[in-house]
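Listed here are the chains, written in short residue letters.
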Amino acid sequence: MAASGLLLGGFMLVHLAENLLLFKGEAAYNGWVDLLLSNPATPLLEIGLLFVFVAHIITGVWVRVEDFLNAPRGYEARKWQGGRTVGSATMLYTAAAILAYLVYHMLTFRFVDHSMGFYQMVTSAFRSPVFTAIYIAGSAALALHLSHGMQSAFQTLGLNHPKYTPLIKAGGLLVALAMTGFALISLYYLAGLDLKAAEAGAQMVVIN
Ligand code: HEM
């Protein structure tokens, strides 16, 4: 579970970086997606990613079932003792929210007609407040999940050290915080800031 969690965390950082290319404009974003889709290794990576997701879900459910079977009475009542955080106490709920979000994400961006171009598809979707609200909720669930998940994964793998553990914890929190970037991207397009930037650019050209 820890290894698949870290791999998924890594994928999320790469995916965020890819989507930050939206700010570089249509040519840069579509160019990157085209490059990705024309790479013969991409379908294999997608299958690998699906495998990691499924492994993470199955091991997650298994850990919960084991916890439930082995927990002494009153376990629920003591959930918040011993350094529990909001992130750790809500792992199951945030996991369910991320899964629901992911299904929505696949149905709206992955398994659809891409003929209008990826940049147009993404930016026009974010003009909708409902669409953006779903993305904000998804990003928040992801950030909360990773705020506990990243450091927990390192701990499970035995990477504990008096000197480096605080650094690992801080790094995990930073990765979690970065996930709010997905929400910021959608808010940028909802507010039409790309249109304002393009307008300002056009005015500069006219003045010059
Ligand atoms: C600003 C937010 C996001 C944008 C604009 C975005 C954009 C996209 C696009 C355009 C695709 C389709 C690529 C293709 O058809 O091959 C995609 C795929 C995918 N996205 Fe996102 N995404 C965002 C956030 C997220 C988040 C938060 C997650 C995870 C919870 C996620 C997980 C995935 C996965 C697993 C795939 C499938 C990977 C693949 O098939 O290549 N995305 N995303």
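Report on the accompanying structure. (Residues numbered from 1 in each chain as written. Predicted model: local features only at pLDDT ≥ 70, side-chain atom pairs only at ≥ 80, totals over all residues. Heavy atoms only, no water.)

Turning our attention to the site of the ligand. Near the ligand there are 24 residues, and of these H15, E46, H105, M106 and R110 occur at the shortest range. Between N19 and the ligand, the recorded distance is 3.5 Å, taken from a side-chain N or O atom to a nitrogen atom. Of all the secondary structure elements, the ones that give two or more residues to the shell around the ligand are helix 1 (2-20), helix 2 (26-38), helix 3 (42-70), helix 5 (91-110), helix 6 (118-125), helix 7 (129-156) and helix 9 (180-190). Considering every element that reaches the shell around the ligand, the biggest residue donor is helix 5, with six residues. Partitioned by chemical class, the residues of the shell around the ligand number 18 nonpolar, four polar and two charged. (Near = heavy atom within 4 Å. Polar contact = N/O pair within 3.5 Å; in protein donor to acceptor, adjacent residues only side chain to side chain. Helix = DSSP H or I, 4+ residues; strand = E, 2+ residues; numbered from the N terminus. Nonpolar A, V, L, I, M, F, W, Y, C, P; charged D, E, K, R; others polar.)

For helix 1, built from 19 residues, the straight-helix expectation of 27 Å at 1.5 Å per residue is met to within 8% by its first-to-last C-alpha distance of 27 Å. Turning to helix 1, its buried residues number three or more, namely A2, S4, G5, L8, G9, M12, H15, L16, E18 and N19. Along its buried surface, helix 1 packs onto helix 2, helix 3, helix 5, helix 7, helix 8 (165-178) and helix 9. (Expected span 1.5 Å × (residues − 1). Buried < 20%, exposed > 50% of the residue type's maximum accessible area, 1.4 Å probe, protein only. Contact = heavy atoms within 4.5 Å.)

Let us look at the coordination of the iron atom of the ligand. Protein-derived ligands of the iron atom of the ligand are H15 (NE2) and H105 (NE2), with the metal-ligand distances lying across 2.0 Å. Between the six donor atoms coordinating the iron atom of the ligand, the angles at the centre fall across 88 to 179°, so the site counts as octahedral. Residue H15 is found in helix 1, and its partner H105 is found in helix 5; the two are separated by 90 residues along the sequence. (Donors = N, O, S within 2.8 Å, 3.2 Å for Na, K, Ca; no water. Tetrahedral: all angles 85-135°; square planar, octahedral: opposite > 155°, others 65-115°.)

Tallied over the entire structure, the rule returns twelve aromatic pairs. Aromatic pair F23 and Y188: ring centres 4.8 Å apart, planes at 80°, arrangement edge-to-face. Residue F23 is found in the loop between helix 1 and helix 2, and its partner Y188 is found in helix 9; the two are separated by 165 residues along the sequence. For Y188, a relative accessible area of 24% corresponds to the partly exposed category. With centroids separated by 5.1 Å and ring planes inclined at 80°, the aromatic side chains of Y101 and Y135 adopt a geometry described as edge-to-face. (Phe/Tyr/Trp six-rings, centres within 6.5 Å; stacked < 30°, edge-to-face > 60°.)

This next bit is on the nonpolar core. Within the largest apolar cluster, 27 residues are counted, with the highest numbers of intra-cluster contacts made by L22, Y29, F109, V122, F126 and M179. Taken together, the elements giving at least two residues each to this core come down to helix 1, helix 2, helix 5, helix 6, helix 7, helix 8 and helix 9. Sort the elements by how many residues they give to this core and helix 7 lands first, with seven residues. (Core = buried A, V, L, I, M, F, W, Y, C linked by side-chain atoms within 4.5 Å.)

Let's shift gears to the pattern of salt bridges. For the structure on display, the rule yields two salt bridges. For E46, the salt bridge is made with R110, and the minimal N-O distance between the two is 3.0 Å. Of this pair, E46 sits in helix 3 while R110 sits in helix 5, and the two are 64 residues apart along the sequence. (Salt bridge = Lys/Arg side-chain N within 4 Å of Asp/Glu carboxyl O.)

What follows covers the side chain of T94. Structurally, T94 is set in helix 5. Judged by its relative accessible area of 6%, T94 is buried. In contact with T94, other than residues within four places in its own chain, are A141, L144 and H145.

What follows is about the environment of N160. By secondary structure assignment, the location of N160 is in the loop between helix 7 and helix 8. Take N160: its relative accessible area is 45%, and that puts it in the partly exposed class. If sequence neighbours within four positions are ignored, N160 has contacts with Q155 and T165.

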